[in-house]
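Now for the letters of each chain:
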Amino acid sequence: MTTAFASPHWQEATQAVADAARILLVTHTKPDGDAIGSLLAMAAILADSGKTVVAAVDGGVPEYLAYVPGSAAVQRTLETGDFDLMISLDASDEARTGECGRYGMAHSARILNIDHHPTNTGFGHIHLIVPDAVSTTQVLYDWFALAGWAISRDAATALLTGLVTDTLGFRTNNVVPHTLMTSAALMAAGAPLHDIMTRTLNSTSFLAIQMWKHALNTVQYRKKVIAADITQDVLKTLGLSQATDTGGLIGFLISANEAQVAVVFKEQGNTSVELSMRAKPGRDVAEVAFALGGGGHKLAAGATVAGTLEEVKAKVMPMLYAVARGKSPFADPEPEDA
Ligand code: 5GP
Ligand code: MN
């Protein structure tokens, strides 16, 4: 993993914004609350300072995040325009920014990479990468304060959305006094904490609950690893094109006291499998995700791996058994029958 981002380029980032008239904002595909929160907080701040701003993410903003101010203006595709600056938010590598990011890379003079994933590859020209930050919106809040940019109610709502969702409602082990002080300041600026909590953490659909029903039927526990599958058959039965609300499911699995590691395998056709992984403090699933071409944090990471469900499990489970025992997943993978 790179450490090219050891010291964030605060001043260069502020200067890059000052020098740019047309700015493109992108984030990672299948965006979560921190992705949309950081995209729209940045959009609000830049619009307030008179910049021409385009925000885009493949497929647009998920319905449950449509309450974040500015979401209606987010483009689902990006096929025209040239930009002085592209700002990538909450994406740990270029590929994560999808088709919108691919277009942006080719049509932007400079790239500013803002993120909090320790697995960030350090792409782009200017970096604000702070692995200790609980969310990308925390990085933005600290930058806006340094730059002296006033935070409107709309920007505050977007920023608090990222803080709330990436900390699962202030429950993750990286929450520090600064997290709560930032959140208090955002509430004072008008961000509706309870509404954000309800919409992001306490809401689901009956379809997602039906998916949980099938997934929980597949749960296996072995060697401190708890695992579940979401198969194409189940998605077909439910009429879904892809799994929904798996963040809630993996969060539930890792709550098992016996488990050190949790994994959900989401079958994507017959050709690849998307992994969602969680660990208890002291373990690290980010290095497994990174080795598989994905990324994330020590305690929450993911990747998409080529192969059938059986092939991917055979590759990944021995690594996770080793991680669950506090061993290196590479030096000492544990076979299934050990
Ligand atoms: P989740 O399991 O909630 O989808 O993702 C957990 C964490 O892993 C998040 O920080 C997310 O950004 C990261 N992550 C999930 N899937 C991928 C992936 O395919 N590539 C990368 N780089 N990161 C991922
Ligand atoms: Mn994030």
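Parameters at a glance
- Residues numbered from 1 in each chain as written.
- Chains lettered and ligands numbered in written order.
- Predicted model: local features only at pLDDT ≥ 70, side-chain atom pairs only at ≥ 80, totals over all residues.
- Heavy atoms only, no water.
- Donors = N, O, S within 2.8 Å, 3.2 Å for Na, K, Ca; no water.
- Helix = DSSP H or I, 4+ residues; strand = E, 2+ residues; numbered from the N terminus.
- Buried < 20%, exposed > 50% of the residue type's maximum accessible area, 1.4 Å probe, protein only.
- Pairing = 2+ DSSP bridges.
- Polar contact = N/O pair within 3.5 Å; in protein donor to acceptor, adjacent residues only side chain to side chain.
- Contact = heavy atoms within 4.5 Å.
- Near = heavy atom within 4 Å.
- Areas by Shrake-Rupley, 256 points an atom, 1.4 Å probe, with all protein chains shown as cover.
- Nonpolar A, V, L, I, M, F, W, Y, C, P; charged D, E, K, R; others polar.
- Domains from an automatic or database assignment.
- Patch = residues over 30% accessible without salt bridge, like charges linked within 9 Å, V, L, I, M, F, W, Y side chains within 5 Å.
- Salt bridge = Lys/Arg side-chain N within 4 Å of Asp/Glu carboxyl O.
- Buried area = accessible area lost by both parts, 1.4 Å probe.
- Axes fitted to C-alpha atoms, helices over the stretch in contact; angles between N-to-C directions.
- Parallel < 35°, antiparallel > 145°, perpendicular 65-115°, else oblique.
- Left-handed = near helix turned anticlockwise from the far one by under 90°.

**Q** Now, about the coordination of the manganese ion (ligand 2): what can you tell me, with residues and values included?
**A** Those protein atoms acting as donors to the manganese ion (ligand 2) are Asp34 (OD), Asp90 (OD), His116 (NE2) and Asp166 (OD), and they sit at 2.2 to 2.4 Å. Read N to C, the donor residues that coordinate the manganese ion (ligand 2) are spaced as D-x55-D-x25-H-x49-D. A residue pair is termed long-range when its members are at least 10 positions apart, and His116 in the loop between strand E4 (108-115) and strand E5 (126-129) and Asp166 in helix H5 (residues 153-166) qualify at 50 residues. A relative accessible area of 1% places His116 in the buried class. Take Asp166: its relative accessible area is 22%, and that puts it in the partly exposed class.

**Q** Just give me the short version of the pairing of E5, but keep the residues and values in it.
**A** Consecutive side chains of a regular strand alternate in pointing toward one face of the sheet and then the other. The two faces of E5 match: Ile126 and Leu128 on one face and His127 and Ile129 on the other face are all buried. Two elements, E4 and E5, share four bridges in a ladder whose sense is parallel. Across the sheet, residue Leu112 finds its bridge partner in E5, namely Ile126.

**Q** Residue-level account of the side chain of Ser71, with values.
**A** Structurally, Ser71 is set in the loop between strand E2 (52-56) and strand E3 (83-89). Look at Ser71 and you get buried, because its relative accessible area is 12%. A polar atom in the side chain of Ser71 sits 2.8 Å from the backbone oxygen of Ala66. Once residues within four sequence positions are removed from consideration, Ser71 is found in contact with Leu40, Val61, Leu65 and Ala66.

**Q** Hey, could you go over the site of ligand 1 for me, with residue numbers and the actual values?
**A** Taken together, 15 residues sit near ligand 1, with Ser92, Arg96, His117, Ser276 and Arg278 positioned nearest. Here Asp93 contributes a side-chain N or O atom positioned 3.5 Å from a nitrogen atom of ligand 1. In the model, a nitrogen atom of ligand 1 is placed 3.2 Å from a nitrogen or oxygen of the Gly295 main chain. When isolated, ligand 1 has an accessible area of 490 Å², and the protein chains bury 82% of it. Contributions of two or more residues to the shell around ligand 1 are made by strand E9 (272-279), strand E10 (295-297) and strand E11 (300-306). Here the residues of the shell around ligand 1 sort into three nonpolar, nine polar and three charged. Each of domain 1 (10-201) and domain 2 (206-324) contributes no fewer than three residues to the shell around ligand 1.

**Q** Requested: an account of a nonpolar patch on the surface, with residues and values cited.
**A** Together, Leu216, Val219 and Phe252 give the surface a local cluster of nonpolar side chains, amounting to about 230 Å² of exposed area. Checked against the element boundaries, Phe252 lands in helix H10 (residues 246-253). The partly exposed category is assigned to Phe252, whose relative accessible area is 46%.

**Q** Could you give an account of the domain arrangement of the chain, naming the residues involved and the relevant values?
**A** One can read the domain layout of the chain as domain 1 (10-201) and domain 2 (206-324). Averaged C-alpha coordinates put domain 1 and domain 2 at centres separated by 26 Å. Between domain 1 and domain 2, the contact holds seven residues from the first and ten residues from the second. Interface area lost by domain 1 to domain 2 is led by Lys30, Thr119 and Asn173, which between them contribute 61%. The tally of links between domain 1 and domain 2 comes to one salt bridge. With a shortest N-O distance of 2.5 Å, Glu274 and Lys30 are connected by a salt bridge. Linking domain 1 with domain 2 are three residue pairs in polar contact (both at pLDDT 80 or more), by the criterion used here. Split by residue class, the side of domain 1 that touches domain 2 holds one nonpolar, five polar and one charged.

**Q** Lay out the environment of Ala72 with the relevant residues and their values.
**A** Note that Ala72 resides in the loop between E2 and E3. A residue is classified by how much of its surface remains accessible, and Ala72, at 79% relative accessible area, is exposed. Along the primary structure Ala72 and Leu253 are separated by 181 residues, whereas in three dimensions their C-alpha atoms are 34 Å apart.

**Q** Before we move on, could you go through the packing of helix H2 (residues 33-48) against H5 and cite the residues and values that matter?
**A** Packing of H2 against H5 leaves a shortest axis separation of 8 Å and a crossing angle of 160°. Overall, the two elements H2 and H5 adopt an arrangement that is roughly antiparallel. As for how H2 packs across H5, the hand of that crossing is left-handed. In contact with Gly33, Asp34, Gly37, Leu40, Ala41, Ala44 and Ile45 of H2, H5 contributes Ala155, Ala158, Leu159, Thr161, Gly162, Thr165 and Asp166.

**Q** Quick rundown of unusual backbone geometry? Include the residues and the values.
**A** One non-glycine residue with positive phi stands out, namely Lys30, at about 45°. Relative to the assigned elements, Lys30 resides in the loop between strand E1 (22-27) and H2. The phi torsion at Asp90 lies on the positive side, around 65°, for a residue other than glycine. Position of Asp90 relative to the elements: it lies in the loop between E3 and helix H3 (98-106).

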